Amino acid sequence: MKSLSYPLSKIRICIFLCLSLPITIFSQGLLQGVVSDSTSSEPLVGANIHLLGTAIGGVTDLEGKYRITNVPAGSYFVRLSYLGYIAKVIPLVLHEDQTHTINVSLIPDVIEGNEVIITAQARGQVAAINQQLTSNTIINVVSEEKIKELPDANAAESIGRLPGVSILRSGGEANKVLLRGLDAKFTSVTIDGVKIPPTDPLNRSVDLSMLSQSSLAGIELFKALTPDKDGDALAGTINLVTRKAPDVREFRADIKGNYNHLMESANQYDLSLHYGERFYDNIVGVQVTGNFEKKIRSNERTAIEYNYLDKTNWSEDNFRLEFTDETRKRNGGTLLFDISTPDDGSIRISTMYGETKRDYLWSTREFPIVGGGSQQGQPVYNYRLREQSIKTFNSSMRGDNTLFTLSVTWGLSFAQSDAYYPFDYEGYFVEPNGMNNPGTTVYRGDPVYLASLAVNNFSLARLDWAYYRTQDNFDKEKTAFADIAKHYSFLNEEVTGEIKFGGKYKIKDRSNYRGEDAAAYYIGVWKEYEKLPDGTIRKKDFSGTAFEAWLSKGGGAIYLSDFIDGDASRDVYSSYRLFPLINRDKLRQWRELNKYGYDASGSTSEIWTNDLIKYDDYNISESVTAGYIMNTLNIGQDITFIAGVRVETEHNDYHSRYMPVRIAGFPLPPNSTKDTSNTFSQTIFLPNTNLSLRLFDFMNLRLAAYKAIGRPDFNMRLDRYIAGRPAEVSGSQQVYVGNPNLKSSQAWNYEINASFFGNNIGLISVSAYYKEIEDMFHMLNNFNTNNLHVNGDSVIQSFGIKWNDQYDVGTAYNLTLPYNSPKPAKVWGFEFEHQINFKFLPGFLQYFILSYNASLVRSEAHLFVAKPDSIFYDPPGPRPPLWDKFTVLELRKQRLEGMPDFFGNISLGYDIGDFSARISLFHKAQHDVSSGASGISDRVSIPFTRLDASLKQKITDFLSIFVNLNNLTNSEDGTKIYSRNNVPQEFIGRTLFDQSEQYGFTGDFGVTVEF
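Overview of the structure. Here the structure is a predicted model, which means the values were calculated and not measured.

### Topic: the overall build of the chain
At step 1: The secondary structure content of the chain amounts to eight helices and 57 strands.
At step 2: Looking at the chain as a whole, 57% of its 1011 residues qualify as buried.
At step 3: The contacts of the chain with a sequence gap of at least 6 include a subset with a gap of at least 24, amounting to 72%.
At step 4: Total accessible area on the chain stands at roughly 40100 Å², and carbon and sulfur atoms take up 54% of it.

Here's what the structure looks like:
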């Protein structure tokens, strides 16, 4: 494999850099203490402590504490500094093996002789700035103070305010993070360094909306990796931080009521609790948090489908209205113990649980043009009642200890996630002749007019299909790791450093199982009897149900009018009437009454099982063994150089499903799929260098060059071949194939970051980065092929996959398979950030706090797309070679899909006395969503701008009230159809409306109690 051929000479160079430095051991002392704010006594996180004239130094932790070991005996001057505060220099005489404590309270910077009071928002900003400045690598931080003062809805929303970050939303709530435009699956998410298992059924992304911020002491966003970090973080790493319990008892409660304007409802609540305290002479600390939340996350959608008559002519084909009535509940909690050990170290035991439950009814109505659309002018009514549960549990034990002269960090962890659907039922109704003819074959009119053509005879809208679906996605991960570090110094402590090495072993067990039962009611499959699980056959009992009268009329076909109450409807976007809205209890009741339907003899079932749905079923065992060695070299206080190499070996056992023979029609016979298995192993070397330079008292320069991994989605390496037709009779033949030889992506990352800082200018940060990704994996989705064979190979075999096509040449089907791109993908971009508070301005202007950032992203990828072409082909068998028109594969250079070109944030805060306010704006420019083969129907997002506001008033030392106003601009998410090429010049850039989603304005009103 390519990864195994990594030149040994390069490995030797990396090891030489780490090990070739002379080490001198001196009589050692210990310097420790706490750095705090002189006005509030609050600890200062990220304060810098160093011994002048040497390279010896340290940084305060989340409790404001620092601990500098291996200090040779002698006389020194200790400088303690923190941006925004006046630095202090203190003389120190340290004897052999002595422990010396220096606690310092720093004074905020003085402007024109007046002492400056650091306000709440400014304190959060300054904490984040100092943590970024004292880091050895490129990092952005959301501080604990910022989380507490004016909290966002969840952790994803807070991360979304950092530079280089855009977010995905569900029902108006952020749930996934896109770092530097790359998909969420390329970002590693951890809690205190312990990975959170993926919650998506197929890829490696984490739904961050299930985690409350109430338990967090900060959020770290690592944009450049070091060798001691997991390598599978191609985009970067998000680390959710917890801290040790406070020395003084702490209790905090946030109680909110919520209003949702879209639903005009305040039937919501949000409660979070936090308690922390230390016991037994501060040896043991305990923290407990809990959160209980119910939110309305409903949304409305509109969409138009088009019929492309040719490159220049088009017509509206279908107008669709959607409404999702959703309630989302989130509950969770943490329990953290920390134990101070005799070696001045600690052992931390943490447990975190989070759960999100979604309950929603999805209502859709289509208005197709007569003669067009999937139902040829017959309106389709779709109703799906669904419950979803996502749970995550993380438990870990971590030690930071000293063994002789070695610093040892070790840990054990167990984590699991479970995403499943307790109930998922869909009814699909069709109304024959339900649209009046608009009088023209090419329609480009107002959708309101199109909706007015509907007949709306619900007593004729027949239940065509009903589906009951199940899915359970389970992930369990166990990890053990150890890191050992040895400090060294020479040249009279002008050069210091640390050699660090360690290893990690992680094993993951993961499964995904789906099921689908279908009932084709349009052909009269409804049965009057039922066959219970114990084999009993009996007549269905409809007495006392909503369908008792229907059965008394003879049963048979059932219509939409039997599921509705009156004329329940909704005005979508206040412009389009979506009706009827179904009675969700009746839909659920219909499922319960008929789930065991059979004929009187017990031989013919009302319900058909669809084995085709099993194409994404899998059971995976994934193990990763990693080791690394790195050297951190400090030359004075101005240069830090990190060099090392990490080696990761992954081994995977896959179990999935395949079809031994092609099966036509629906339903598929029982046991039409069989078990299959395969393995995959790969070893990858990840060299890494980071350089940090303090060029001036006001400027840092950081550079990084390193390699990282992106592991494929869980369904990509399956040795599967599933072929057949979906439940709908009109559906095309579908073929799903896995790629057991799919490689992990490997990316060289190059980063440069310049930071300019000062007590008045705050922090200005400029970054540039470039990523070159080999073996980028993609999915070829629904490639329409006539099973073309070229030089004896099928399309499937041309990707190096063993399966032979089971279809004859000339048989059309849609092919889905994963592949590694033969050419590297490239991602590059620029980021700008400025954080400042205006304490130097006169009067009331000094209370403003400003943060803003902007990110520009570009990419280049090579994807296989469909292209109509006339080619010569030679089919297998007796048929002669010939020329004909076929859809063939073409490798096309384009941008990565889903990657925004430009995005940014502005946050303006104001603190005066006990009052705090903040206005926040997020903007994301348009980006490619999907690309069509013809170039005349590419989907592009519309620009998105959202404005939020927060207000807080402190009433007493223990009580505050606050208001959060979200999406004040009532912004919509949406896409448009864009003509990029393959059309005459005058039609290039033509845009058509595609779809739009709105979730409306929401407001939180609450109180905070703390003591």
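### Structural notes on the nonpolar core
At step 1: One finds Ile219, Val737, Ile796, Leu815 and Leu817 to be the most contacted residues of the largest nonpolar core, which totals 65 residues.
At step 2: Residues within four places of isoleucine 219 in sequence aside, it is in contact with Asn140, Val141, Val142, Ile147, Ala155, Ser158, Ile159, Gln213, Ile238, Asn239 and Leu240.

### Structural notes on the sheet that holds strand β14 (residues 187-191)
At step 1: Strands sit in the order β11-β16-β17-β14-β15 across an open sheet of five strands; the sheet is mixed. In this open sheet, the two edge strands, each paired with only one partner strand, are β11 (139-143) and β15 (194-195).
At step 2: One ladder, built from five bridges, connects β14 with strand β17 (residues 236-241); its direction is parallel. Residue threonine 190 lies in a different strand from β17, and its bridge partner there is asparagine 239.

### Some thoughts on the packing of aromatic side chains
Aromatic ring pairs are reported here in terms of the distance separating the ring centres and the angle at which the planes meet.
At step 1: The final tally for this structure, using the stated rule, is 37 aromatic pairs.
At step 2: Judged by centre distance (5.4 Å) and plane angle (70°), the ring pair of tyrosine 82 and tyrosine 85 falls under edge-to-face.
At step 3: For tyrosine 82, a relative accessible area of 4% translates into the label buried.
At step 4: Assessed through its relative accessible area of 4%, tyrosine 85 is described here as buried.
At step 5: Here the aromatic rings of phenylalanine 547 and tryptophan 590 are separated by 5.1 Å at their centres, their planes lie at 65°, and the arrangement is edge-to-face.

### A look at the pattern of salt bridges
At step 1: Counted under the stated rule, the structure contains 65 salt bridges.
At step 2: A salt bridge links arginine 243 to glutamate 250; the shortest N-O distance between them is 3.5 Å.
At step 3: Relative accessible area serves as the criterion here: at 12%, arginine 243 is assigned to the buried category.
At step 4: Of the charged contacts, one joins arginine 720 and aspartate 616 as a salt bridge, the two residues approaching to 2.8 Å between their closest N and O atoms. In this pair, arginine 720 sits in the loop between β37 (699-710) and β38 (721-724) while aspartate 616 sits in the loop between β33 (608-609) and β34 (618-635), placing the two residues 104 residues apart along the sequence. The two residues arginine 720 and aspartate 616 agree in class, both being buried.
At step 5: The network of salt bridges with common partners includes Glu173, Lys256, Asp270, Glu293, Lys295, Arg297, Glu326, Arg328, Arg330 and Arg358.

### Points about helix α7 (residues 584-594)
At step 1: Taken residue by residue, α7 has Lys586, Leu587, Trp590, Arg591, Leu593 and Asn594 as its buried positions. Buried residues of α7, viewed axially, fall in a sector of 165°; they line one side.
At step 2: A distance of 2.9 Å separates the backbone nitrogen of aspartate 585 from a side-chain oxygen at the start of α7, and that oxygen is part of asparagine 583.

### Some details on helix α2 (residues 120-133)
At step 1: With 14 residues, α2 extends 20 Å between its outermost C-alpha atoms, agreeing within 8% with the 20 Å of an ideal straight helix rising 1.5 Å per residue.
At step 2: For α2, a buried count of 13 out of 14 residues is recorded, marking the element as mostly surrounded by other parts of the structure.

### Looking at unusual backbone geometry
At step 1: Cis geometry marks the peptide bond from phenylalanine 579 to proline 580, where omega comes out at 0°.
At step 2: Turning to its location among the elements, proline 580 is positioned in the loop between β31 (576-578) and α7.
At step 3: One non-glycine residue, tyrosine 573, lies in the positive phi region at around 55°.
At step 4: Looking at where tyrosine 573 falls in the secondary structure, it is placed in the loop between β30 (570-572) and β31.
At step 5: The backbone of serine 574 sits at a positive phi, close to 55°, despite the residue not being glycine.
At step 6: Locating serine 574 in the fold gives a position in the loop between β30 and β31.

### Some remarks on the environment of tyrosine 628
At step 1: Among the structural elements, tyrosine 628 can be located in strand β34.
At step 2: Considering only alpha carbons, one finds tyrosine 628 and proline 227, 401 residues apart in sequence, at a separation of 6.2 Å.
At step 3: Ignoring anything within four residues of it in the chain, the contact list for tyrosine 628 reads Pro227, Asp228, Asp483, Lys500, Phe501, Gly502, Gly503, Val645 and Arg646.
At step 4: A polar contact is formed between the side chain of tyrosine 628 and the side chain of aspartate 483, at a distance of 2.7 Å.

### Focus: a nonpolar patch on the surface
At step 1: Residues Phe279, Tyr280, Ile283, Val288, Leu335, Phe337, Ile339, Ile349, Met397 and Leu412 make up a contiguous nonpolar surface patch of about 840 Å² in total accessible area.
At step 2: Sort the elements by how many residues they give to the nonpolar patch and strand β22 (residues 314-340) lands first, with three residues.
At step 3: Here tyrosine 280 is to be found in the loop between β19 (269-279) and β20 (284-296).
At step 4: For tyrosine 280, a relative accessible area of 66% puts it in the exposed group.

### Thoughts on the environment of glycine 556
At step 1: Within the element layout of this structure, glycine 556 appears in the loop between α6 (548-552) and β30.
At step 2: By relative accessible area, glycine 556 is classed as partly exposed at 39%.
At step 3: Residues glycine 556 and glutamate 528, spaced 28 residues apart in sequence, show a C-alpha to C-alpha distance of 9.0 Å.
At step 4: For glycine 556, the residues in contact, after removing those within four places along its chain, are Trp526 and Trp550.

Here is what the cut-offs are and how they apply
- Residues numbered from 1 in each chain as written.
- Predicted model: local features only at pLDDT ≥ 70, side-chain atom pairs only at ≥ 80, totals over all residues.
- Heavy atoms only, no water.
- Helix = DSSP H or I, 4+ residues; strand = E, 2+ residues; numbered from the N terminus.
- Buried < 20%, exposed > 50% of the residue type's maximum accessible area, 1.4 Å probe, protein only.
- Contact = heavy atoms within 4.5 Å.
- Areas by Shrake-Rupley, 256 points an atom, 1.4 Å probe, with all protein chains shown as cover.
- Core = buried A, V, L, I, M, F, W, Y, C linked by side-chain atoms within 4.5 Å.
- Pairing = 2+ DSSP bridges.
- Phe/Tyr/Trp six-rings, centres within 6.5 Å; stacked < 30°, edge-to-face > 60°.
- Salt bridge = Lys/Arg side-chain N within 4 Å of Asp/Glu carboxyl O.
- Arc of directions from axis to C-beta.
- Polar contact = N/O pair within 3.5 Å; in protein donor to acceptor, adjacent residues only side chain to side chain.
- Expected span 1.5 Å × (residues − 1).
- Patch = residues over 30% accessible without salt bridge, like charges linked within 9 Å, V, L, I, M, F, W, Y side chains within 5 Å.

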